[in-house]
Each structure stands twice: as C-alpha cells, then as structure tokens.
Amino acid sequence: LNSVLKGLKNYTDNITAIVTVSDYGAQKTESRRVLEALPLDDIKESIVALSEKEDAMEKLMNFKFKYGRLKDLSFSDMYFIATQDTYKDFTESVKQSQNIFNITGKVLPATMEEIKICAELEDGTVIESKEKIPEVINEKTCKINRIFINPSNCKASPGVIEAIMEADAVVIGPGSLYTNVIPNLLVKGVAKAIRESKAFKIYVSNIMTEPGQTDNYTLSEHIKAINEHVGKGIVEYCIYDTGEIIPEYIRKYNMEGADLVEQDTSKVKVD
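Residues numbered from 1 in each chain as written. Predicted model: local features only at pLDDT ≥ 70, side-chain atom pairs only at ≥ 80, totals over all residues. Heavy atoms only, no water.

### Structural notes on the packing of helix α9 (residues 177-186) against helix α11 (residues 219-230)
At step 1: The interhelical angle for the contact between α9 and α11, taken along N-to-C directions, is 35°, at an axis separation of 10 Å. Considering how the two elements wind past one another, α9 and α11 form a crossing that is right-handed. Contacts from L177, Y178, V181, I182, L185 and L186 in α9 reach H222, A225, I226, H229 and V230 in α11.
At step 2: In terms of residue class, the contact of α9 with α11 is built from 9 nonpolar, 2 polar and no charged. (Axes fitted to C-alpha atoms, helices over the stretch in contact; angles between N-to-C directions. Helix = DSSP H or I, 4+ residues; strand = E, 2+ residues; numbered from the N terminus. Left-handed = near helix turned anticlockwise from the far one by under 90°. Contact = heavy atoms within 4.5 Å. Nonpolar A, V, L, I, M, F, W, Y, C, P; charged D, E, K, R; others polar.)

Okay, here's the thing in structure tokens:
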C-alpha cells in the first residue's frame, strides 16, 4: 500500500488511504503494553508514505526512547495517544494529523475496532493468530479455505464509506492477500460500498507468492480468492508485472520460499 501511496502523491493530493488497525495477533510491543495503545503501525507507515520528507518523518515516527522512564516507548504511540486525548476521538485525531504533519492526502482507519484475523484451513483447522498461519500451513501442508475477522460485524470508521463512494478510483493492494487485502474488505459495508461506487476498481497484484499463504498461486487465483470472500464487482481492472526482474532478486525470494506469480491472464475473470 505504501509504495502505491508514494507513487500516487506525485499525481494528486486527493488521496485517502484506508488502513487496518490490527497487528493480526502479533505479540504486543513494550510500548503498546505500557501505553495500552492500539496497533497503529499501518496508519503510521501510511502517514510516512504521504509525507513530503519521508526519511525525516520515518525517523521521527519510529523513534524509541533509550533512557529513563520512557525507555523502549515509541514516539508514534505517544503521539497518537496525545492527539486522541486532545481531540476526544481517534478517527478525528488521525484526520488532524494530515494538517499537523502537512501530508499529501489523508489516512483513515478501516475500523475503530482491533480485529483478529482468523484462518480456516481445508482440513477444518482454525488458526486465530496471523503469526501462526504460515507455520501451521507448512506443518499440515494444507491450504487456506477462508479467512474471517473477529469480531465479524465490526463497523467501518466514520468517513470510510463516504471516501469509497466519492472516489474516482479505488486501488486495492498490493499486500498479503489473506492477512492484509481481504480482511479490510470484510469490514462491514466496505465491499458493498466498493461494489456500488462508480469509481474504477483496480487490484494491484503481488509480483511474488507468499510462503504459507499463497504458495503456487497464480494471478487468477489471487483474484478468485477475493471474489470468493466478498463477491464479484470488487475488481474491474488488474495491474500486474510484465517486466524483467533481476535474477538475484528472484533467488533471494526463492530462498525464502516465494516464487513469481504466474500471469495466467486467460483464466482471469474480474466481473
């Protein structure tokens, strides 16, 4: 998502990044535990991507104190807590960050609720932690049957549905298919809004497969998974890679268990 945002801000300032408020079951950082903060890494990274001076913003937002009672606390966690107390509303505090940091566009949380990503495998096994999905799949050599979120009826944050309905283009992905892309589409009202929107609906495909999630998946299987989870009408256009990739990069991914996504465009059905 952040690569897309960095590119789009060169062409328009009318950008709304809709991102998740979840670390998908990962262990809490010391900063989050002490401050009782929400997992806002995706929001933080989108703000960095939309900043005029990305490097400086990244250093500031990722800064961790190294001394005294503030040791191991993150500046971004402290910042979001301070703005939430100031504006008495989390969504409003994120909106105000647009002006505070003078970013291009705006960032909205997909939902105010901290969602948990759950996977049901083809053999019926249910995994309730994103971090364990690749491990369990590799152990069982079993594919994902479906992904669902808990709570299942979590509502979209204020402004999210309106942003989708008013958009000229809705860009989905790239990102982890089952633990990043699809979960946001499962938030109540989001898929319906995309389907009813008059915007161009564009899916940006991953170049590589993801070990423990999309092993051996082709382009058509990525789109098929989206359609099976949220129905058709979400993807009208798909952007996929047609260039030559440096062999050293491919070998690096191969060593991690990933491979190129096969571009079986003849099998793609996006209607």
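### Examining unusual backbone geometry
At step 1: In this chain, N150 is followed by P151 through a cis amide linkage whose omega measures 5°.
At step 2: Tracing the backbone shows P151 in the loop between β5 (144-150) and α8 (160-166).
At step 3: Notably, N102 is not glycine yet its phi reads approximately 55°, a positive angle.
At step 4: In this structure N102 comes out as exposed when scored by relative accessible area, which is 53%.
At step 5: For T141, which is not glycine, the phi torsion reads 45° and is therefore positive.
At step 6: Residue T141 is classed as exposed on the basis of its relative accessible area of 73%. (Buried < 20%, exposed > 50% of the residue type's maximum accessible area, 1.4 Å probe, protein only.)

### Examining the packing of helix α5 (residues 75-87) against helix α6 (residues 90-100)
At step 1: Axis separation between α5 and α6 bottoms out at 8 Å; the angle between their running directions is 110°. Compared by their axis directions, α5 and α6 come out roughly perpendicular. Seen from above, α5 lies across α6 with right-handed handedness. Judged by residue contacts, Y79, F80, T83, Q84 and Y87 of α5 engage F90, E92, S93, Q96, S97 and I100 from α6. (Parallel < 35°, antiparallel > 145°, perpendicular 65-115°, else oblique.)

### Details of the confidence of the model for the protein chain
At step 1: The predicted model of the protein chain has a mean per-residue pLDDT of 88, with 92% of residues at 70 or higher.
At step 2: Within the protein chain, strand β7 (residues 200-204) carries the highest mean pLDDT (97), whereas helix α2 (residues 30-35) carries the lowest (66). (pLDDT = per-residue confidence, 0-100.)

### Brief notes about the nonpolar core
At step 1: I172, L177, Y178, L185, I194, I226 and I234 are the most contacted members of the largest nonpolar core, which totals 38 residues.
At step 2: Of all the secondary structure elements, the ones that give two or more residues to this core are β3 (116-121), α7 (133-140), β5, α8, β6 (169-172), α9, α10 (190-196) and α11.
At step 3: Per-element accounting of this core gives the leading share, 5 residues, to α9.
At step 4: When residues no more than four places from it in sequence are discounted, the contact partners of I234 are I172, L185, A191, I194, R195, K201 and I226. (Core = buried A, V, L, I, M, F, W, Y, C linked by side-chain atoms within 4.5 Å.)

### Section: the pattern of salt bridges
At step 1: Counting across every chain of the model gives 9 salt bridges.
At step 2: Taking the shortest distance from any N to any O, the salt bridge between K6 and E54 comes out at 3.7 Å. Separated by 48 residues along the polypeptide, K6 in helix α1 (residues 2-8) and E54 in helix α4 (residues 54-61) bring together distant segments of the chain.
At step 3: Owing to a relative accessible area of 38%, K6 belongs among the partly exposed residues under this scheme.
At step 4: Salt-bridge contacts for K116 lead to E128; the nearest nitrogen and oxygen are separated by 4.0 Å. Within this pair, whereas K116 is found in strand β3, its partner E128 is found in the loop between β4 (126-127) and α7, the two being separated by 12 residues in sequence. (Salt bridge = Lys/Arg side-chain N within 4 Å of Asp/Glu carboxyl O.)

### What to know about the layout of surface pockets
At step 1: Its boundaries defined by the atoms lining it, the second largest pocket holds a volume of some 380 Å³.
At step 2: The wall of the second largest pocket is formed by 17 residues, among which P174, S205, N206, I207 and M208 lie closest to the centre.
At step 3: Grouping the amino acids of the lining of the second largest pocket by side-chain chemistry returns 9 nonpolar, 5 polar and 3 charged. (1 Å grid on protein atoms, 1.4 Å probe; cavity = no way out; pocket = protein on both sides within 12 Å on 5 of 7 lines; lining within 4 Å. Points joined across faces, edges and corners; volume = space filled by probe spheres on them.)

### Remarks on α6
At step 1: Buried within α6 are the following residues: F90, T91, S93, V94 and S97. Angularly, the buried residues of α6 cover 165° about the axis, an arc narrow enough to put them on a single face.
At step 2: For α6, the elements touching its buried residues are α3 (41-49), α5 and β2 (106-109).
At step 3: Put simply, D89 is the residue that caps the front of α6, since its side-chain oxygen is 2.7 Å from the backbone nitrogen of E92.
At step 4: Positioned one or two residues after α6, N102 has a phi angle of 55°, which is positive. (Arc of directions from axis to C-beta. Polar contact = N/O pair within 3.5 Å; in protein donor to acceptor, adjacent residues only side chain to side chain.)

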